[in-house]
Amino acid sequence: MVSMSLLDTRDRPLRDLRISVTDRCNFRCRYCMPREVFGPDYAFLNRAEILTYEEIVRLARVFVELGVEKIRLTGGEPLVRRGLDELIGQLSGIEGLRDLTLTTNGSLLRAQAPRLKAAGLTRITISLDSMDEAVFQRMNDAGVSVATVLDGIDAAAEAGLQPIKINAVVQKGVNDHTIVDLARHFRGSGHIVRFIEFMDVGSTNGWRMNDVVTAREIVERVGAEFPLEPAEANYRGEVAQRWRYTDGGGEIGVIASISQPFCGDCTRARLSAEGELYTCLFASKGQDFRALLRGGASDEELREAVARVWRVRDDRYSEIRTEETAGLRKVEMSHIGG
Ligand code: SAM
Ligand code: SF4
Ligand code: SF4
């Protein structure tokens, strides 16, 4: 049996697994799946190519045996995959798993939130980039209104999927003039808005360093309206930096992946919908676990294979990013999730 103290070449343990359950989405966010690229002719994965729920659960168990404590389901849009609550039910039964969560665009939550909760989902992250209708619709490019997502957030809260985190990607000149409104809306609600620096994921979103509003600037702008003070991280390696409103109105988070990279504490592996294992969000290549699963590998062989990949992991992309590296071919965000 592979030892539990599995470390990569930079002494980082394997603690988190993000599982993309589909590469499809009902949104076409310009920063993630621009319509010109992800149009009617785009070759999405077919049913036989994506991992079945049984395959996902089997791999998840192997990862938990190797030290993973937290699993996040993502996509594409995870809620477009049928019967997601069945998968959640099976994953939540894995002994040793401490946290099972999900990132969603929120548009399909009203119908699904109670089922997800009943199946064992503990928390949820919902993406909402702006409270301004025109800005939000321009960003999601699918005609989905702010009200629909807000209703999804309410549905999640009513179902008891608390605490709720709200993810907002900030792009200069696109939605940065609306960040204070977003903070204002959720102040005092118990939900935590997390502003994310726009990243050069994939190779289709036309990223430029100039489009990034830094976490520092975000904190300054929100703090100018509602004074903020830094709060302690909940745990080592927490991706978001926490800032608390000094008047007790709750907190916000900022994810400074560009301006203050956190590779040194990165304990995340990512499994794509077709079963490729990636050790970095910005990787160009994954390891094919679907072939192993379907080729009859034993659990021990799967454990060995994951351990082999993790032990040679050397990724620290965000620490060495330049405008040139941003243009390199990398896996798309919709393939491996955020
Ligand atoms: N469809 C779901 C959603 O939007 O929440 C889950 C998948 S999405 C890829 C996961 C997260 O990544 C979302 O919060 C999204 O806003 C974020 N994201 C996507 N592209 C990004 C980019 N270029 N830079 C920063 N965050 C990005
Ligand atoms: Fe879909 Fe999420 Fe990407 Fe938007 S960010 S296109 S909702 S996968
Ligand atoms: Fe982790 Fe790669 Fe992001 Fe660095 S760039 S924090 S190694 S996913």
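Residues numbered from 1 in each chain as written. Chains lettered and ligands numbered in written order. Predicted model: local features only at pLDDT ≥ 70, side-chain atom pairs only at ≥ 80, totals over all residues. Heavy atoms only, no water.

Q: What am I meant to see in helix α5 (residues 146–159) here?
A: An α-helical segment advances 3.6 residues per turn. Residues three or four places apart therefore align on the same side. In a regular helix each residue adds 1.5 Å, so 14 residues correspond to 20 Å; α5 covers 20 Å between its end C-alpha atoms and thus fits that length. Within α5 the residues assigned to the buried category are V146, V149, L150, G152, I153, A155, A156 and A159. Those residues of α5 hidden inside the fold are in contact with α3 (109–119), β4 (124–127), α4 (133–140), β5 (164–170) and α6 (179–186). Just beyond α5, the residue with positive phi is G160, at close to 90 degrees. (Helix = DSSP H or I, 4+ residues; strand = E, 2+ residues; numbered from the N terminus. Expected span 1.5 Å × (residues − 1). Buried < 20%, exposed > 50% of the residue type's maximum accessible area, 1.4 Å probe, protein only. Contact = heavy atoms within 4.5 Å.)

Q: Would you take a moment to explain the site of ligand 3 for this structure?
A: The full set of residues close to ligand 3 is F262, C263, C266, R268, R270, C280, L281, F282, R313, D315, Y317 and S318. Among the elements of the structure, β10 (268–271) and α10 (317–320) are those that each provide at least two residues to the shell around ligand 3. For the shell around ligand 3, the per-class residue count stands at 7 nonpolar, 1 polar and 4 charged. (Near = heavy atom within 4 Å. Nonpolar A, V, L, I, M, F, W, Y, C, P; charged D, E, K, R; others polar.)

Q: Would you take a moment to explain the packing of α6 against helix α7 (residues 215–225) for this structure?
A: Each pair of packed helices can be summarised by the angle the axes make with each other and by the distance between the axes. Relative to each other, α6 and α7 sit at 55 degrees, their axes nearing to 9 Å. As summarised for this structure, α6 and α7 are arranged oblique, according to the angle between their axes. Like other packed secondary-structure pairs, α6 and α7 cross with a definite hand, here right-handed. For the pair formed by α6 and α7, the contact residues are I179, V180, A183 and R184 on the first element and I218, R221, V222 and E225 on the second. (Axes fitted to C-alpha atoms, helices over the stretch in contact; angles between N-to-C directions. Parallel < 35°, antiparallel > 145°, perpendicular 65-115°, else oblique. Left-handed = near helix turned anticlockwise from the far one by under 90°.)

Q: Explain the site of ligand 1 here, please?
A: Taken together, 20 residues lie around ligand 1, and G76, S127, N167, V169 and M199 are the ones closest in. One of the side-chain nitrogen or oxygen atoms of Y31 is found 3.2 Å away from an oxygen atom of ligand 1. T104 has a polar backbone atom sitting 3.2 Å from an oxygen atom of ligand 1. Here ligand 1, which alone exposes 540 Å², has 95% of that area covered by the protein. Put simply, the parts of the chain that give the shell around ligand 1 at least two residues each are β3 (99–104), β5 and β6 (192–197). Its residues assigned to classes, the shell around ligand 1 shows 8 nonpolar, 10 polar and 2 charged. (Polar contact = N/O pair within 3.5 Å; in protein donor to acceptor, adjacent residues only side chain to side chain. Areas by Shrake-Rupley, 256 points an atom, 1.4 Å probe, with all protein chains shown as cover.)

Q: What exactly am I supposed to notice about the packing of aromatic side chains here?
A: Aromatic ring pairs are reported here in terms of the distance separating the ring centres and the angle at which the planes meet. One pass over the structure, following the stated rule, counts 5 aromatic pairs. Ring geometry for F27 versus F136: centroids 6.4 Å apart, planes at 70 degrees, classification edge-to-face. Note that F27 is positioned in the loop between β1 (16–20) and α1 (53–65) and F136 in helix α4, a separation of 109 residues in sequence. F27 sits in the buried class, given a relative accessible area of 4%. On the accessibility criterion, F136 (2% relative accessible area) is buried. Judged by centre distance (6.0 Å) and plane angle (85 degrees), the rings of F226 and Y245 are edge-to-face. Here F226 is found in the loop between α7 and β7 (228–230), whereas its partner Y245 is found in strand β8 (residues 241–245), with 19 residues between them in sequence. Like Y245, F226 is buried. Ring pairing ties together the aromatic residues F38, Y42 and F44, which thus form one cluster. (Phe/Tyr/Trp six-rings, centres within 6.5 Å; stacked < 30°, edge-to-face > 60°.)

Q: What am I meant to see in the environment of R308 here?
A: Locating R308 in the fold gives a position in helix α9 (residues 299–311). We classify R308 as exposed; its relative accessible area is 52%. In the structure, R308 is positioned 302 residues away from L6 in sequence and 9.6 Å away in space, judged by C-alpha atoms.

Q: Looking at this structure, I do not really get the nonpolar core. What am I missing?
A: The nonpolar side chains of soluble globular proteins are, as a tendency, buried together. Counting residues in each nonpolar core, the largest one holds 111 residues, and the members touching the most others are I71, L73, L84 and F195. With 8 residues, α1 is the single largest residue contributor to this core. Among all residues touching L84, those that are not within four sequence positions of it are V21, Y53, L73, P78, L79, L102 and L116. (Core = buried A, V, L, I, M, F, W, Y, C linked by side-chain atoms within 4.5 Å.)

Q: For this particular structure, what's the right way to read the environment of Y31?
A: In this structure, Y31 sits in the loop between β1 and α1. In the structure, Y31 is positioned 175 residues away from G206 in sequence and 7.9 Å away in space, judged by C-alpha atoms. In contact with Y31, other than residues within four places in its own chain, are D129, M139, V169, Q171, F198 and N205. A polar contact of 2.6 Å, which involves the side chain of Y31, links it to the side chain of D129.

Q: Quick question: what am I supposed to make of the pairing of β1 here?
A: Walk down a regular strand and you will see the side chains alternate between the two sheet faces. Of all 5 residues in β1, 5 are buried; the element is thus mostly enclosed. On β1, burial covers both faces: D16, R18 and S20 on one face and L17 and I19 on the other are all buried. Where β1 lies against strand β2 (residues 70–74), 5 bridges are found, and the strand directions are parallel. Pairing of S20 across the sheet is with T74, part of β2. This β-α-β element, β1 to α1 to β2, shows right-handed connectivity. Where β1 and β10 come together, 4 bridges link them in parallel fashion. (Pairing = 2+ DSSP bridges. Right-handed = clockwise from strand over helix to strand, strands pointing away.)

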